[in-house]
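Coordinate inspection notes
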2 protein chains.
Amino acid sequence: MYSIGIDIGATNTDIGLVRMDGTIIGRENLPSQSFDKAEIYISAIIDKIRQLLANNDVQDLDGIGIGAPNGNYRTGCIEANTANLRMKERIPLGTALEEAFHTNVKLDNDANAAALGEMVYGGAKGMQNFIMLTLGTGVGSGIVIDGKLLHGANGAAGELGHAIVNPNGRLCGCGRRGCIEMYASARGICQNYREEVLKGDFPCSLTKEGLDAITCQYVGESASKGDKIAQRAYDTTAYWLGIALANAAAFSEPEAIFLMGGPTRAGEALMRPLQKYFEENLLFLYKGKIKLQFSQLKSNETAILGAAALSSSI
Amino acid sequence: MYSIGIDIGATNTDIGLVRMDGTIIGRENLPSQSFDKAEIYISAIIDKIRQLLANNDVQDLDGIGIGAPNGNYRTGCIEANTANLRMKERIPLGTALEEAFHTNVKLDNDANAAALGEMVYGGAKGMQNFIMLTLGTGVGSGIVIDGKLLHGANGAAGELGHAIVNPNGRLCGCGRRGCIEMYASARGICQNYREEVLKGDFPCSLTKEGLDAITCQYVGESASKGDKIAQRAYDTTAYWLGIALANAAAFSEPEAIFLMGGPTRAGEALMRPLQKYFEENLLFLYKGKIKLQFSQLKSNETAILGAAALSSSI
């Protein structure tokens, strides 16, 4: 029993052949940016899948799942004009792969794929109600209710990165103020760090240029090493995220909330304050009842496993 | 085809015999506060139902639905120590009515009942995804996803009245700050009014005692008559509620959000600013796509019809 998981990112298109137990037994890769025509891109993906099947002596596929930014699960297409892809036309990948491999193909957005990956292969095994928050350049979310992905009236549910937690706060790329994405994305964490430096409570050894160029990874590593400025930056993230997650809990009462993505590599520097603020902000009905934890999948496998998990979803 | 809808409130227990088309063909009533023993209360309800069936010459019931504060749909009981009821024990109404009438009995909390009432008999007919917000002493919510009530991991989902919109705002009865209930409940609207008076931008003809004793109904009627202070009070409600509802939309992408309860009697004085703030705060994906409207059921029928609708729910 094998399936294919395809993770489409701005830089790479990762393709994995996944055994039922969640082992990735083969991987292939395409540079997403080198394609400007959907037709050629689709052909290249088909070739890579054929190669994976042949190399691993697999004849039958249970399904193919695709996680993509702007992936529309109803049409099986990546929508036109997706930011960060050179191809600006609509990419009808679902139908094309169905025709090529005569198997069940599911395409969905990357955060939904991540949620399903956690449910099928990770820490959400056996759970019927949980939320996956993907922290990265932005903040995305996949919400599972009664064992099924929440898609909403038109397939656009689960935009928790754009829950407003601070109405007079930072201006978000979406045009509104105080979305949680502005505090919990990689960029938001760097911004927290810079604001802490400006407060001047602790000395900062970075030059002006160094400060402009900091990365979330730097802040995370500094926080883990005990850097007070970086710890305060993560505390700010945890404060706003704790409120946002408590509000999400009051909506769907999940069993657990999972976090994944670059900013979670800070580990306890994020989780310790986040646990505190989350519990403080939870309505009494839920206190002590909702688990908060990091994804239990390896970061370089999550996206492929998530996509593979999609193929078996309803 | 008939069902019974029972609305249990702090003051009254309303019992209605409902025809399939949503007409209430008979009503009975019990004063909830005169009971301090669950057993006697249950017997009295059974007698009233028998009376309704006999008076209207109805032999067969399709089901009985009960909407109650603290109603637990999994156990069919009203939980022990429910605020505002004299009976402090657990009330096992579901099982008792099932045994007495040999029919399908469903019990749920009142906001969930209201949501189903709207779906079966009101403005949400045919909708698969919507949210009902009940404004009153508190703020409750019933959330429908893919045609089913959202109950969450332990039956406590849908506490949107306790979504935090203003983390440094008013202290809520739940112990946290800035829950939307503090701005959009009847009490919250009175508080908005008093704060507007204190600002002194417009003259207020009320005495100190008069101001202490205002009701939400007074504020609503004053706003409709053009009173600037009352209009500002509703504007404040609309501002915070607009944010809360935009956040709810980013969670489940409903087709519509309905509002019901006392504070909605202010009509356009609430709806006009609310539409504005809601659209302003909606993520671009949803703008112009999510209807915001008042319940289309008569206010004195909503609770009974909602309860009756529960009986036919999955």
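Structure first, text after, so check above.
Residues numbered from 1 in each chain as written. Chains lettered and ligands numbered in written order. Predicted model: local features only at pLDDT ≥ 70, side-chain atom pairs only at ≥ 80, totals over all residues. Heavy atoms only, no water.

**With respect to the pairing of strand E11 (residues 256–260) of chain B**
Residue and element names in this part refer to chain B. Quick reminder of the rule: Only protein chains enter the calculation, and the probe is 1.4 Å; a residue is then buried if its accessible area is under 20% of its type maximum, exposed if over 50%, and partly exposed in between. Counting from the N terminus, the helices are the DSSP runs of H or I reaching at least four residues and the strands are the DSSP runs of E reaching at least two. Two strands form a pair only when DSSP identifies at least two bridges running between them. Classification remark: right-handed applies to a crossover when, strands pointing away from the viewer, the course from the first strand over the helix to the second runs clockwise.
The buried fraction of E11 amounts to five of the five residues, a majority that puts the element mostly inside the structure. Side chains Ala256, Phe258 and Met260 of E11 all project onto a buried face; the interleaved residues Ile257 and Leu259 project onto the opposite face, where all are buried too. Across five bridges, strand E8 (residues 130–135) lies against E11 in parallel orientation. Bridge pairing links threonine 134 to methionine 260 in E11. Chirality of the crossover, the property in question, places the unit of E11, helix H9 (residues 268–281) and strand E12 (residues 291–294) among those that are right-handed.

**What about the relation of the copies chain A and chain B?**
Note the cut-off: When the copies are overlaid, the least-squares fit takes in C-alpha atoms only where the residue has pLDDT of at least 70 in both copies.
Rotating chain A by 180° and moving it 0.0 Å along the rotation axis overlays it on chain B with an RMSD of 0.0 Å. Such a turn and shift between the copies fits a two-fold axis. Nearest to the rotation axis, the C-alpha of valine 165 of chain A is located 3.2 Å from it, this being the minimum over chain A.

**Observations concerning the environment of cysteine 172 of chain A**
Residue and element names in this part refer to chain A. Just so we agree on the cut-off: In what follows, a contact means two residues having at least one pair of non-hydrogen atoms within 4.5 Å.
Its location among the elements puts cysteine 172 in the loop between strand E10 (148–149) and helix H4 (181–184). For cysteine 172, a relative accessible area of 6% translates into the label buried. If near-sequence neighbours (up to four positions away) are discounted, cysteine 172 is found in contact with His162, Cys179 and Met182.

**Details of the packing of aromatic side chains**
In this description, an aromatic ring pair is defined by two values, namely the gap between the centres and the angle between the planes. Note the cut-off: Under the pairing criterion, centres of Phe, Tyr and Trp rings, with the six-membered ring standing for Trp, must be within 6.5 Å; the plane angle then separates stacked pairs below 30 degrees from edge-to-face pairs above 60, leaving the rest tilted. In our convention, an over-ring charge means Lys NZ or Arg CZ found within 6 Å of a ring centre and within 35 degrees of that ring's normal.
In total, this model carries 13 aromatic pairs over all chains according to the counting rule given. Centroid distance tyrosine 183 of chain A to tryptophan 240 of chain A: 5.3 Å. Interplanar angle 35°. Geometry classified as tilted. Pair noted here: tyrosine 183 of chain A is in helix H4 and tryptophan 240 of chain A is in helix H8 (residues 228–252), with a separation of 57 residues, a long-range link. Each member of the pair, tyrosine 183 of chain A as well as tryptophan 240 of chain A, carries the same accessibility label: buried. Put simply, the rings of Tyr183, Tyr239, Trp240 and Tyr277 of chain A pair up and form one aromatic cluster. When the ring centre of tyrosine 277 of chain B is taken as origin, the NZ or CZ atom of lysine 276 of chain B, which lies over that ring, is 4.4 Å away.

**A few points about the sheet that holds strand E9 (residues 139–145) of chain B**
Residue and element names in this part refer to chain B. Note the threshold: Axis definition: a line fitted to C-alpha atoms, over the contacting stretch in the case of helices. Angles run 0 to 180 degrees between N-to-C directions.
Strand order in this open sheet of five strands is E10-E9-E8-E11-E12, and the pairing throughout is mixed. Pairing within the sheet leaves two strands with one partner each, and these edge strands are strand E10 (148–149) and E12. Here E9 pairs with E10 via two bridges, running antiparallel. Within E10, the position partnered with valine 144 by the bridge is leucine 149. The strands that H9 touches are E8, E11 and E12; relative to E12, the one it contacts most, it runs at about 160°.

Don't take any of this as a statement about function, it's just geometry.
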